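Structure assessment
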Amino acid sequence: MCNIGSKIRDYCGVFGIVSKDFSYSVAGLIYSGLMALQHRGQLYSGISISSCEGPIDTYKGKGLVSKVLSPKTLRNFIGNVGIGHVCYGTPYCSNEENAQPYLYKSNKIEFSIALNGRITNPTEIQIKLEKMGRVLTGISDIELLASLIAAFYDLTNQIFDALKDMMKVVRGAYCIVVLTKKGDIFAIRDSIGYKPLCFGSLEREDKHFYVFASESCALDVIGAKVIDDVKPGEIVYVNPTESLKREQIIPHLKHGICSYEYIYFARPDSVIDGISVGKVRYNLGINLAIGDDVPSENAIVVPVPDSGRSAAMGYSWKSKITYAEGLMKNRYLWQLKKDFNEKLNPIKAITYDKDIVLVDDSIVSGVTMKKIIKMLRNAGSKLIHVRISCPPLIKNCDLNDSLSNRDIFIALEAKIKNFDNFNEEMRKYIGADSLKYQSMNGLIDAIGKSEDTICSICLKEICDLDEEIIRNKIEIV
Ligand code: SF4
């Protein structure tokens, strides 16, 4: 979806790296990894680093990675093991105190933790912590997780056991990296595997590193090779003196990765669970074009930049309608609260007098799409056919903040009002000449995984919650 107006936002990216060479500082590599994950969060950026001897040094602040972790700042962070985080600013990450990595220090343990995800049973965790005699200083997801790990650690003095116990209590969608004072890094993925997390190795100048990241693009940029995804319910861990180990803690349950990672959240050059995100988006465009009947004589396929690009290319290839970049986005203004016309502009020499097949990945509020269509019409385009590469969003999702606000969902509203003809109501609302969404089968086929290994609950008309989902207390409105 166009990231100019209303949009779905994922909110975090995590990164971790271990160098076997104690004299090598990994701060620069964390910086590069976080830069590659910047699309997953632009509100806060942070780093924790350790030399396995002294304390864990943590620095975080509001802004992009390049602003918060400037070369001058990074010079003060020296260590061969570290983690990093970028954040979009969830309700629980809305101020600098809750920005991550989150450093936990007690007289027994010191560790730093970074999270991508959302916990769905915070009350249960709070009650458990209170029963264990813990006094909570805050109730953000990250504080709860850190307190829970520390409480379990107090029982056994074993961090690995504490993390295992934490996994057995926490419900929701989460990928976590934990850095200990001793220089261990643990990478953990929830038992359903909603969020992506991978790991790999890097050989550079006779030095060996292990790397963890939300997306494989962060490994690519530093030259690391992907070894595997952290499997749902698994802990992968390493430290500078030992080889990498992995252990399945909780069996992998049904319903896997969030479809939206493939549709929108992740970078197209990332590979998640062995599947190329860019290829999925291209396939979505192909599937959207199959059986479509837009007359091709005067038409061009125009993507909504940047989110509709890969699907538009697939659509163009299948339909044989010419692909053209007919909308120019101002990349330097897209984060700012600016007038819509300052952010997006039609290239009239391309779009004038043409029928436009306008491709985007989804419609959330419909407001942005409405403005784009009006803009194209004012610039002289003729018919406008909107093609959306994913099925309509019709349910809230408690695992993604941006999908948990009922008010923004025009599709959801339409369902609630029981519109007989949802597609027609939506077409009229946005002012298109025709509107077509991806089918569920088209989505599943494009991802190329079996239906029971992806989550698409927010896109499904009939919510077939199974026992495991209920056990995880995912509340679908
Ligand atoms: S309900 Fe939708 S947004 Fe939420 S995890 Fe599932 S596919 Fe992703």
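Quick summary incoming for the structure in this document. Keep in mind that what you see is a predicted model, and the values were worked out from it rather than measured. Sequence positions are assigned chain by chain, starting from 1 and proceeding in written order. Predicted model: local features are reported for residues with pLDDT of at least 70 only, side-chain atom pairs are reported and counted for 80 or more only, and whole-chain, interface and lining totals are derived from all residues. For the side-chain quantities, the full set of heavy atoms in the structure was used; hydrogens and water were omitted.

Quick notes on the environment of D445
Selection criterion: Numbering goes from the N terminus for both helices and strands, where a helix is a DSSP run of H or I of at least four residues and a strand is a run of E of at least two. Whether a residue is buried, partly exposed or exposed follows from its accessible area with a 1.4 Å probe, protein chains only, as a fraction of its type maximum: under 20%, in between, or over 50%, in that order.
Examined against the element boundaries, D445 turns out to sit in helix α16 (residues 440-447). By relative accessible area, D445 is classed as exposed at 52%. Counting along the chain gives 161 residues from D445 to L284, while the straight-line C-alpha distance between them is 8.4 Å.

So, the packing of helix α4 (residues 122-131) against helix α5 (residues 141-156)
Convention followed: Axes, fitted as lines to C-alpha atoms, cover a helix only where it is in contact. Angles between the N-to-C directions of the axes lie from 0 to 180 degrees. The handedness criterion is simple: a crossing whose near helix is rotated anticlockwise from the far helix by less than a right angle is left-handed, and one whose near helix is rotated clockwise is right-handed. In this description, contact between two residues means that some pair of their heavy atoms is separated by no more than 4.5 Å. In this classification, the charged set is Asp, Glu, Lys and Arg, the nonpolar set is Ala, Val, Leu, Ile, Met, Phe, Trp, Tyr, Cys and Pro, and all remaining amino acids, among them Gly, are polar.
Direction vectors running N to C along α4 and α5 enclose 35°, while the axes themselves pass 10 Å from each other. In this structure, the crossing between α4 and α5 has a hand that is left-handed. Listed contacts from α5 to P122, I125, Q126, K128 and L129 of α4 are L144, S147, L148, A151 and F152. For the contact of α4 with α5, the per-class residue count stands at 7 nonpolar, 2 polar and 1 charged.

Things to note about the pattern of salt bridges
Heads up, the rule is: Salt bridges are defined as contacts in which a side-chain nitrogen from Lys or Arg sits within 4 Å of a carboxyl oxygen from Asp or Glu.
What the rule picks out here adds up to 21 salt bridges. Residues K164 and E247 are paired through a salt bridge, measuring 3.8 Å at the closest nitrogen-oxygen approach. A residue pair is termed long-range when its members are at least 10 positions apart, and K164 in helix α6 (residues 159-169) and E247 in strand β13 (residues 242-248) qualify at 83 residues. On the basis of relative accessibility, which here comes to 30%, the residue E247 falls in the partly exposed class. A salt bridge links R427 to E424; the nearest nitrogen and oxygen atoms lie 2.8 Å apart. Taken together, the positions of R427 and E424, both in helix α15 (residues 422-430) and 3 residues apart, correspond to about one turn of that helix. In this structure R427 comes out as partly exposed when scored by relative accessible area, which is 21%.

Points about the sheet that holds strand β11 (residues 225-229)
Note the following rule: Paired strands, in this sense, are two strands between which DSSP finds at least two bridges.
Taken together, the 7 strands give an open sheet; going across it, the order is β3-β2-β4-β1-β10-β9-β11, and neighbouring strands pair in antiparallel fashion. Each edge of the open sheet is held by one strand with a lone partner, namely β3 (57-62) and β11. The mean angle between the axes of side-by-side strands here comes to 15°, regardless of whether they run parallel or antiparallel. Strand direction decides the pairing type here: strand β2 (residues 44-50) and strand β4 (residues 81-87), joined by 7 bridges, are antiparallel. Pairing of I47 across the sheet is with G84, part of β4.

Details of the pairing of β3
The side chains of a regular strand alternate, first on one face of the sheet and then on the other. Sheet topology places β2 next to β3; 6 bridges connect them, and they run antiparallel. Across the sheet, the residue bridging to G46 is K60, located in β3. In this antiparallel pair of consecutive strands, β2 and β3, the connection spans 6 residues, and C52 shows a positive phi of 65°.

Thoughts on the packing of aromatic side chains
Defined as follows: Side-chain rings of Phe, Tyr and Trp, where Trp is taken by its six-membered ring, are said to pair if the distance between their centres is within 6.5 Å; with planes under 30 degrees apart they count as stacked, over 60 as edge-to-face, and otherwise as tilted. Geometrically, a charge over a ring is one whose NZ (Lys) or CZ (Arg) sits within 6 Å of the ring centre while staying within 35 degrees of the ring normal.
Following the criterion strictly, the structure yields 9 aromatic pairs and no others. Taken together, a centroid distance of 5.2 Å and an interplanar angle of 75° make the contact between Y24 and F209 edge-to-face. A residue pair is termed long-range when its members are at least 10 positions apart, and Y24 in the loop between β1 (12-19) and α1 (27-36) and F209 in strand β10 (residues 207-213) qualify at 185 residues. Each member of the pair, Y24 together with F209, is buried. Feature note: the residues F160, F186 and Y237 constitute an aromatic cluster, connected by ring pairs. Positioned over the ring face of Y429 is K370, at 4.2 Å from the centre of the ring.

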